Amino acid sequence: MKIYGLTGGIASGKSTVTRMLRELGAHLLDADVIAREVVEPGTPGLKAVAERFPGVLGPDGRLDRAKLGARVFGDPKERAALNALLHPLIGQEFLLRTQALAEQGVERVLYDAPLLIENRLHEGMDGVLLVWVPREVQKARLRARDSLDEAAAEARLAAQLPLDEKRQHATWVVDNSGDLGATRAQVEGVWRVMLARG
Ligand code: ADP
């Protein structure tokens, strides 16, 4: 089975491309979904997080993401501690799911992960598809989608690895700065190459 990474930057069009890939019949696994599932109530993940970060459970026993976020935001040591807890659990779940898909005869999976490159997950993959736009387009779409002013949009962009840097690690770059038809044509091209690779 081939495993490909799919990534982008905030508002670069990853969700848009994901939809197109699904329409083409691609199997995708969503890193954000898995990251939420490993800390659902009753999981060893939630227990470990609650022990290491006391006070982050809400009254309903679920993880209060805002509280946890506040604890690790701006504190690299605490963030590293949280990642050290969660990343192995996420990796394990990812493995289980890809194995299950392989058993069903699925030949290729795309792992949709916003922080694929930041977390160096791309290194073990068979290829990386990056959804890229120029920074000014990214900022304009982010502002429009999330109703942000210039400063807020800049702050969100500055918190991420720039798309131009991610580009250096990409096997395929889908330039999403044109219309959706232009993007779809590129996505179909990449999908054909993936199919041809076996
Ligand atoms: P991401 O998932 O990377 O954050 P989205 O797919 O949500 O990005 O796209 C960001 C915004 O830009 C959305 O409002 C989306 O509708 C819009 N958008 C995406 N691709 C295009 C495109 N090719 N042309 C115009 N608008 C686009």
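Right, let's walk through the structure included here. (Residues numbered from 1 in each chain as written. Predicted model: local features only at pLDDT ≥ 70, side-chain atom pairs only at ≥ 80, totals over all residues. Heavy atoms only, no water.)

A few words now on the packing of helix H4 (residues 65-72) against helix H5 (residues 76-103). As a packed pair, H4 and H5 sit with axes 7 Å apart at the nearest point and diverge in direction by 130°. Here H4 lies oblique to H5, going by the angle between them. Where H4 abuts H5, its residues Leu68, Arg71 and Val72 lie against Glu78, Arg79 and Leu82. Its residues assigned to classes, the contact of H4 with H5 comprises three nonpolar, no polar and three charged. (Axes fitted to C-alpha atoms, helices over the stretch in contact; angles between N-to-C directions. Helix = DSSP H or I, 4+ residues; strand = E, 2+ residues; numbered from the N terminus. Parallel < 35°, antiparallel > 145°, perpendicular 65-115°, else oblique. Contact = heavy atoms within 4.5 Å. Nonpolar A, V, L, I, M, F, W, Y, C, P; charged D, E, K, R; others polar.)

Counting residues in each nonpolar core, the largest one holds 26 residues, and the members touching the most others are Val49, Phe53 and Tyr111. Listed by contribution, the elements that provide at least two residues to this core are helix H2 (31-37), helix H3 (44-52), H4, H5 and strand E3 (108-112). Residues Met20, Leu129, Trp172 and Trp191 belong to the second largest nonpolar core, which totals 16 residues. (Core = buried A, V, L, I, M, F, W, Y, C linked by side-chain atoms within 4.5 Å. Buried < 20%, exposed > 50% of the residue type's maximum accessible area, 1.4 Å probe, protein only.)

Taken as a whole, this structure holds two aromatic pairs when the rule is applied. Seen in terms of ring centroids, Tyr4 and Trp172 are 5.5 Å apart; in terms of plane orientation they differ by 70°. Their pairing is edge-to-face. Note that Tyr4 is positioned in strand E1 (residues 2-7) and Trp172 in strand E5 (residues 172-175), a separation of 168 residues in sequence. Each member of the pair, Tyr4 as well as Trp172, is classed as buried. Seen from their ring centres, Phe94 and Tyr111 are 4.2 Å apart, and the 40° between their planes marks the pair as tilted. Of the two residues, Phe94 is situated in helix H5 and Tyr111 in strand E3; the sequence distance between them amounts to 17 residues. As far as the burial class goes, Phe94 and Tyr111 line up, both buried. Taking the ring centre of Phe53 as reference, the NZ or CZ of Arg52 above it sits at 4.7 Å. (Phe/Tyr/Trp six-rings, centres within 6.5 Å; stacked < 30°, edge-to-face > 60°. Lys NZ or Arg CZ within 6 Å of the ring centre and 35° of its normal.)

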